[in-house]
Amino acid sequence: MPLSLANFDQQLAAALLKKGQDYYKKGAVRELEQNDKGVWQAFVDGTESYEVEVELNGQTITAHRCDCPVADPVCKHQVAVFYALRGEGSSSETTSEAPKKRGRKPTKSHTLAAEKAPKKPKDPFEEILSKLTDAELREFIRQYARKNKDIKANLTLRFADRLEGTGKAYYQKLLKEAARMHSDRHGFIDYRNARQYARHVDALLERATTLLGDQNYTGVYEIAQAVLEEVAKAIGQMDDSDGGAGGALEQALMLIEQVYRQSDSQELKNLVFDYLMKESQEDRYEGPGFGDVILDRLAVLCEYPDQEAAYEQLLNSLLAKARVKPESTARGIRFFYPPTSSLSDEWNWSEQKLLQRKIKLYLHRGRTAEARQLLESNIHLRSFREQLLDELIKEKEFARAKAIVNEKLTPEPHPATKGKANRNPGMSEWERLRQQSQWYGWLLKIAVAEQDTAAIREYALWLFRESGYAQLEYYRQFKNSHAVAERASVAADLISECEQNKNPVKAPFAGLGTAIFPHSLARLYVEEQQWEKLMVLVEKQGGLQEVLEFEKILKKHFPERLLQVYSKKVDRFAEINVDAGSYQLIAEVLQQMTQLPGGDELVAERLTDYRARYARRKRMMEELAKVKV
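**Here's the deal with helix 17 (residues 382-394)**
For helix 17, built from 13 residues, the straight-helix expectation of 18 Å at 1.5 Å per residue is met to within 8% by its first-to-last C-alpha distance of 18 Å. Taken residue by residue, helix 17 has F384, R385, L388, L389, L392 and I393 as its buried positions. Buried residues in helix 17, looked at end-on, bunch into an arc of 165°, giving them a common side. Tucked inside the fold, the buried residues of helix 17 contact helix 15 (349-364), helix 16 (368-377), helix 18 (398-408) and helix 19 (429-450). In the segment just after helix 17, K396 is the residue with positive phi, at about 60°.

Pasting the structure below:
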């Protein structure tokens, strides 16, 4: 359920609310204002000053962020801003009431608190700002910027979208200054400052996007070049956990691609292509691995024969380097991945990626015969085999496709061989079955393309059984390959087979049920709308999680029985689970139970029982207090 200003204090933990309310009452929330995009922003003074953003849709909190290091979805700084937005928090009696401006009648305690509260003095800063003329304000900023370079840089970066064309060198200077401003004395940009840095970069990219709409391709190219080069340098000395800097690199590259695609100037296209070719090999992209990204994009940007030749020549030179493998490295990798493993022929990932780029180039330039030849010559690599099989099926070359698959199935050519001794001692049984399932999946694709009903049935049934009756996709393919009149009988036979094969294993942990639940069987019951069987299965073998999983279905067909099942399962769950998350789940389940016929009375009984039985579990008592009966 999304948070709302009206009742977030009923949705969040009491300890978190108290911390946030304390911050609010101390006046730690400052500069609360709404920006031009409708987002509320504020600074909250804690160990440091943290920036909080809150997005609202009416009274619903649709998004909230804080640049503090806390990983929880909601932190105390955000809660403090929630209170500030609601204009409450002065006392415990008033925190659950909405302010008068939302149209609710205030309680007496709220009214008295408002009467006693001193009138908030007018902010002298805001008063002065309102009285300054534009000329006075500009002159003050100029004078202040002369004495403080950070102010000048901040303003320039913040409003970079207002700049006219000034050239790549100028944009690079701005970005270097931004990196310097947000770095510590060791040159590192921490998580919080990385977000601020990314915002400055975004301002430049917004400017570039505007220029793209105006078809000012040179301006776009200059900004995107500066961002690509300078952010790639900065990201190596930055905590970019938020992904802002990495996203800026991606956006800059996309803008350069747009310049190439939209411009009618061959001269500009050649300039862009040559630049990307050079940048793909620069060391500064090695850390974020962005050189490979640039190299990938080049494969589908070649529009002219000279570009195509230059890109292919680059790939060939890189392939020559990739194929020179140090003997020790080769031995080491082959030690971990023996020749019988599916990974043994794919360990040289660099070579494989370069070959894939070559195929992409050939297909982009219409050289399909060469692309096919390259796939065929590297058929020992799985990704190439799969791409080739896709092509063969598309071209209806079914015999060749089946020959490739059957060649890989040679160690175990048919499902009938299952159970025989493993013929490949270097491969585990699990690995053998995994590979076998992949190849039977391809045979099924071929059978579907050929409309071979017998083969569809054979492979779909084998895959369904081998998946532990879990892959309903294969179940449906097998069932639907029969005539409509036969499908009910086919479904009944498969469900009976699944029922006989289920093997409940006692679960010694978690308290989620008395046995490991047969989910495959339950989903077959849902598929065939066998509600009574599903209800019985959940009653006998399900735990609290399974009741929740199938709650919508069972509530519709068996509301009274579902209530009793919930009661038994939640009792067992409460008995043996003692962590905060479990307490929260118990409270949520009890609240859901009140929506069922007779639920209020039963939940009231459970609450009374739990409060007496588990009185020492304080956190549990806090969660139970949230249940409304």
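**Details of the pattern of salt bridges**
Side chains carrying opposite charge are able to pair once their charged atoms draw close together. Counted according to the given criterion, the structure contains 48 salt bridges. When the shortest N-O distance is used, the salt bridge between K131 and E127 registers 3.1 Å. On the criterion of helical spacing, the pair formed by K131 and E127 is a turn pair, its members being four residues apart in helix 4 (residues 124-131). Taking relative accessible area as the criterion, K131 reaches 60% and is therefore assigned exposed. One salt-bridge network, in which partners are shared between bridges, spans E51, E53, E55, R65 and R199.

**Considering the confidence of the model for the protein chain**
When pLDDT is averaged across the protein chain, the result is 83; 83% of the residues are at 70 or more. Confidence drops under a pLDDT of 50 for residues 88-120, and excluding neighbours within four residues, the segment shows 42 contacts in the predicted structure. Predicted confidence is poor over residues 412-426, with pLDDT under 50, and the contacts of this stretch with residues over four places away or in other chains come to 23 contacts.

**Describing the side chain of N577**
Following the sequence through the fold, N577 ends up in the loop between helix 27 (559-576) and helix 28 (580-593). Among the residues examined, N577 registers a relative accessible area of 12% and is labelled buried. Within the local environment of N577, its side chain forms a polar contact with the backbone oxygen of F573, the two atoms lying 3.0 Å apart.

**Section: the packing of helix 11 (residues 266-279) against helix 13 (residues 305-322)**
Where helix 11 contacts helix 13, the two axes come as close as 11 Å, and the packing angle between them is 0°. Overall, the two elements helix 11 and helix 13 adopt an arrangement that is roughly parallel. Residue-level inspection shows K269, N270, F273 and M277 of helix 11 in contact with helix 13, the latter providing D306, Q307, A310, Y311 and L314. Residues belonging to the contact of helix 11 with helix 13 are distributed by class as follows: five nonpolar, two polar and two charged.

**Points about the nonpolar core**
Counting residues in hydrophobic clusters, the biggest one holds 139 residues, and the most contacted among them are V227, L228, L276, Y311, I586, L590 and Y610. Per-element accounting of this core gives the leading share, 11 residues, to helix 9 (residues 217-234). In contact with Y311, not counting residues within four places along its chain, are F273, M277, L295, L298, A299, C302, R357 and L361. Within the second largest apolar cluster, 26 residues are counted, among which are F8, V52, V54 and Y83.

**Side note on unusual backbone geometry**
Not every positive phi belongs to a glycine, and K396 is a case in point at roughly 60°. Phi at Y469 takes a positive value of approximately 65°, unusual for a residue other than glycine. The topology assignment puts Y469 in the loop between helix 20 (453-466) and helix 21 (472-480). Residue classification places Y469 among the buried positions, given a relative accessible area of 10%.

**Focus: the sheet that holds strand 1 (residues 29-34)**
Strands sit in the order 1-2-3-4 across an open sheet of four strands; the sheet is antiparallel. Two strands close off the open sheet at either side, each with one partner strand: strand 1 and strand 4 (60-66). Across the sheet, the axes of successive neighbouring strands diverge by a mean angle of 20°, strand direction being ignored. Pairing geometry for strand 3 (residues 49-57) and strand 4, over six bridges, is antiparallel. Looking at the pairing, L56 lines up with I61 of strand 4. Across the sheet, helix 8 (residues 191-213) is in contact with strand 3 and strand 4; its angle to strand 3 comes to roughly 60°.

**Structural notes on the side chain of N378**
Considering the arrangement of structural elements, one finds N378 in the loop between helix 16 and helix 17. In this structure N378 comes out as buried when scored by relative accessible area, which is 10%. A distance of 2.9 Å separates a polar side-chain atom of N378 from the backbone oxygen of L374.

**Focus: helix 21**
By the burial criterion, the buried members of helix 21 are L472, Y474, Y475, F478 and K479. All buried residues of helix 21 lie within an arc of 155° about the axis, which places them on one face of the element. If you follow the buried residues of helix 21, they end up packed against helix 19, helix 20, helix 22 (484-501) and helix 23 (519-527).

**Let's talk about the pairing of strand 2 (residues 40-45)**
Examined bridge by bridge, strand 1 and strand 2 share four bridges and lie antiparallel to one another. Along strand 2, the bridge assignment pairs R30 with F43. In this structure, strand 2 lies alongside strand 3, joined through six bridges in antiparallel fashion. In the sheet register, Q41 faces strand 3, and the bridge partner there is E53. A loop of three residues connects strand 2 with strand 3, the two strands running antiparallel in sequence.

**A short note on the packing of aromatic side chains**
Applying the stated criterion across every chain yields a total of 13 aromatic pairs. When the ring of Y285 is compared with that of F290, the centres are 6.4 Å apart and the planes differ by 40°; the resulting orientation is tilted. On the basis of relative accessibility, which here comes to 6%, the residue F290 falls in the buried class. One aromatic cluster in this structure is built from F8, Y24, F82 and Y83. Directly above the aromatic system of Y23 lies the positively charged group of K26, at a separation of 4.9 Å from the ring centroid. We note R561 situated over the ring of F558; from NZ or CZ to the ring centre the distance is 5.0 Å.

**Remarks on the environment of Q34**
Tracing the chain through its elements places Q34 in strand 1. Under the relative-accessibility criterion, Q34 is labelled partly exposed at 45%. A sequence separation of 19 residues divides Q34 from E53, and the C-alpha atoms of the two residues are 9.4 Å apart. Not counting residues within four places of it along the chain, the set of residues in contact with Q34 comprises V39 and W40.

So, how was this worked out
Residues numbered from 1 in each chain as written. Predicted model: local features only at pLDDT ≥ 70, side-chain atom pairs only at ≥ 80, totals over all residues. Heavy atoms only, no water. Helix = DSSP H or I, 4+ residues; strand = E, 2+ residues; numbered from the N terminus. Expected span 1.5 Å × (residues − 1). Buried < 20%, exposed > 50% of the residue type's maximum accessible area, 1.4 Å probe, protein only. Arc of directions from axis to C-beta. Contact = heavy atoms within 4.5 Å. Salt bridge = Lys/Arg side-chain N within 4 Å of Asp/Glu carboxyl O. pLDDT = per-residue confidence, 0-100. Polar contact = N/O pair within 3.5 Å; in protein donor to acceptor, adjacent residues only side chain to side chain. Axes fitted to C-alpha atoms, helices over the stretch in contact; angles between N-to-C directions. Parallel < 35°, antiparallel > 145°, perpendicular 65-115°, else oblique. Nonpolar A, V, L, I, M, F, W, Y, C, P; charged D, E, K, R; others polar. Core = buried A, V, L, I, M, F, W, Y, C linked by side-chain atoms within 4.5 Å. Pairing = 2+ DSSP bridges. Phe/Tyr/Trp six-rings, centres within 6.5 Å; stacked < 30°, edge-to-face > 60°. Lys NZ or Arg CZ within 6 Å of the ring centre and 35° of its normal.

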